[in-house]
Amino acid sequence: MNIKALLKNVVNYKASDLHIVSRSEPQIRIDGVLVPLDMDKLDGVAIEEMCYTLLSDKQKKALEEDRELDFALEFPDIGRFRANYYYTMNGELAAAFRIIPIEIPSLEDLRCPPIFKDLILREKGLILVTGPTGSGKSTTLAALLNEINISESKHIITVEDPVEFVHTNKKSLFSHRNVGTDTKSFARGLKFSLREDLDIILVGELRDTETISTAITAAETGHLVFATLHTNSAVQTINRIVDSFEGAEQVQVRNMLSTSLYAVISQALLPRIGSGRVAIHEILINNSAIANLIRENKLHQIYSQMQLNQQKTGMITQTQSMIKNLNAKIISKENAIRFSTQPQELMNSIGI
């Protein structure tokens, strides 16, 4: 058993992830469900022997000191993967690998709503793609940047931990930067990108107050900023950003956010009837009404505002996306309710 053979299984079974943990067979995630491979159970020694073959001496030292390690790797004959090594009890090494398509999907491939093409026409503003881990945020962002790449001449900088999708320069020029090796932090990489004649920046994750503040400032000062957050809805996303700051700073952040925020795309991946998964989107587009609610700290009213004049605004709630997919018989009622952020509202809407 070797790591390349295991990663080939991810590709062959059209899985998204590979897990290697002691006292278990290698397991892969297919359509969101973990499936053990028909192989022997692994022990800590075997895992360490396999996993260490992929690391440089510097990475080995970092793993042993920090007890975890994020990195990306690519095999030309297999694919590109994001890897995380970590230790479990008894000091045994474990690993998780996620496949990253080398061919970047288009918005059409992902069946994204038409309004996504309008988002990338902006010259400045903050566009957030949110959702839980494994909800396809990175893939959606890659498709958005790919659309820009084939249509506009822009300098695009990505700051990620690690870099996932690697874009080939078409009309645009890409500068990919890994946190930890190419820059010390998201905040630092974002700060210095403003001196690098950029047009667009992708921040892999808004992890801390400094990064959030710099991203908002970059959007305010004439740049298009894409970023992710691990939040489940548009309203929760805005709350999370504001709550990252203290006291009087929150007033200033709400004012800045009301003018710099352009859109929040919250998504979840649900099992599709038959096989596969489908992305369910909630879309908030900032307009004068939303901006006023952010400024006046009436965030609880944003959801109601999202439900108004949707043909004109392009907004949609998750519940409405769920109902649309239920009517099209793409998802089941059980999964819609299970993954809903507003389960009672959804059940009332479909008569349960």
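Above this text you will find the structure in question.
This structure is a prediction, so every number in the text was calculated from the model and none was measured.

All right, on to the overall build of the protein then. A tally of helices and strands in the protein yields 15 helices and 13 strands. For a compact globule of 352 residues, the expected C-alpha radius of gyration is about 20 Å, and the protein comes in at 21 Å, within 12% of that figure. Judged by the C-alpha coordinates and their principal axes, the protein covers about 60 × 55 × 40 Å. Out of the 352 residues in the protein, the part that is buried amounts to 47%. Restricting the contact set of the protein to residue pairs at least 6 apart, pairs at least 24 apart contribute 55%. Only carbon and sulfur atoms are counted for the fraction: they give 47% of the accessible area of the protein, which is about 16,900 Å². Put simply, the protein has 38 plus and 42 minus side-chain charges, and the middle of one group is 5 Å from the middle of the other.

So, on to the sheet that holds strand 2 (residues 27–30). In a beta sheet, neighbouring strands are held together by backbone hydrogen bonds and run either parallel or antiparallel to one another. A sheet is described by the order of its strands in space; here six strands give the open sequence 3-2-1-6-5-4, paired in antiparallel fashion. Single-partner strands in this sheet number two, and they are strand 3 (33–36) and strand 4 (68–75). Going across the sheet, the axis of each strand differs from the next one's by a mean of 25 degrees, ignoring polarity. Here strand 1 (residues 17–20) pairs with strand 6 (residues 92–100) via four bridges, running antiparallel. Within strand 6, the position partnered with His 19 by the bridge is Ala 96. Lying over the sheet, helix 2 (residues 44–52) contacts strand 1, strand 5 (79–88) and strand 6, oriented at roughly 45 degrees with respect to strand 6. Along the sheet face, helix 3 (residues 57–66) touches strand 4, strand 5 and strand 6 and points at about 150 degrees away from the line of strand 4.

Among the nine residues that make up strand 13 (residues 277–285), seven are buried, leaving the element largely enclosed by the rest of the structure. Judged from the nine bridges that link them, strand 12 (residues 261–271) and strand 13 form a sheet pairing that is antiparallel. Within the sheet, the bridge partner assigned to Leu 269 lies in strand 13 and is Ala 279. Between the antiparallel neighbours strand 12 and strand 13 lie five residues, among them Gly 274 with a positive phi of about 105 degrees.

What follows deals with unusual backbone geometry. Note on backbone geometry: most residues besides glycine have negative phi, and most peptide bonds are trans. Cis geometry marks the peptide bond from Asp 161 to Pro 162, where omega comes out at -5 degrees. Counting through the fold element by element, Pro 162 comes out in the loop between strand 8 (155–160) and strand 9 (173–178). Its identity is not glycine, yet Arg 23 carries a phi of approximately 65 degrees, on the positive side. Residue placement: Arg 23 occurs in the loop between strand 1 and strand 2.

Another aspect to go through is the sheet that holds strand 9. If you trace the seven strands from one edge of the open sheet to the other, you get 9-8-10-11-7-12-13, paired in mixed fashion. Bordering the open sheet on either side are strand 9 and strand 13, each of which pairs with just one other strand. Along the sheet, successive strands turn relative to each other by an average axial angle of 15 degrees, direction set aside.

Rules behind the numbers
- Residues numbered from 1 in each chain as written.
- Predicted model: local features only at pLDDT ≥ 70, side-chain atom pairs only at ≥ 80, totals over all residues.
- Heavy atoms only, no water.
- Helix = DSSP H or I, 4+ residues; strand = E, 2+ residues; numbered from the N terminus.
- Rg over C-alpha atoms; globule rule 2.2 N^0.38 Å.
- Buried < 20%, exposed > 50% of the residue type's maximum accessible area, 1.4 Å probe, protein only.
- Contact = heavy atoms within 4.5 Å.
- Areas by Shrake-Rupley, 256 points an atom, 1.4 Å probe, with all protein chains shown as cover.
- Lys, Arg positive; Asp, Glu negative; His and termini not counted.
- Charge placed at Lys NZ, Arg CZ, Asp CG, Glu CD.
- Pairing = 2+ DSSP bridges.
- Axes fitted to C-alpha atoms, helices over the stretch in contact; angles between N-to-C directions.

Distances and angles like these do not, on their own, reveal function.
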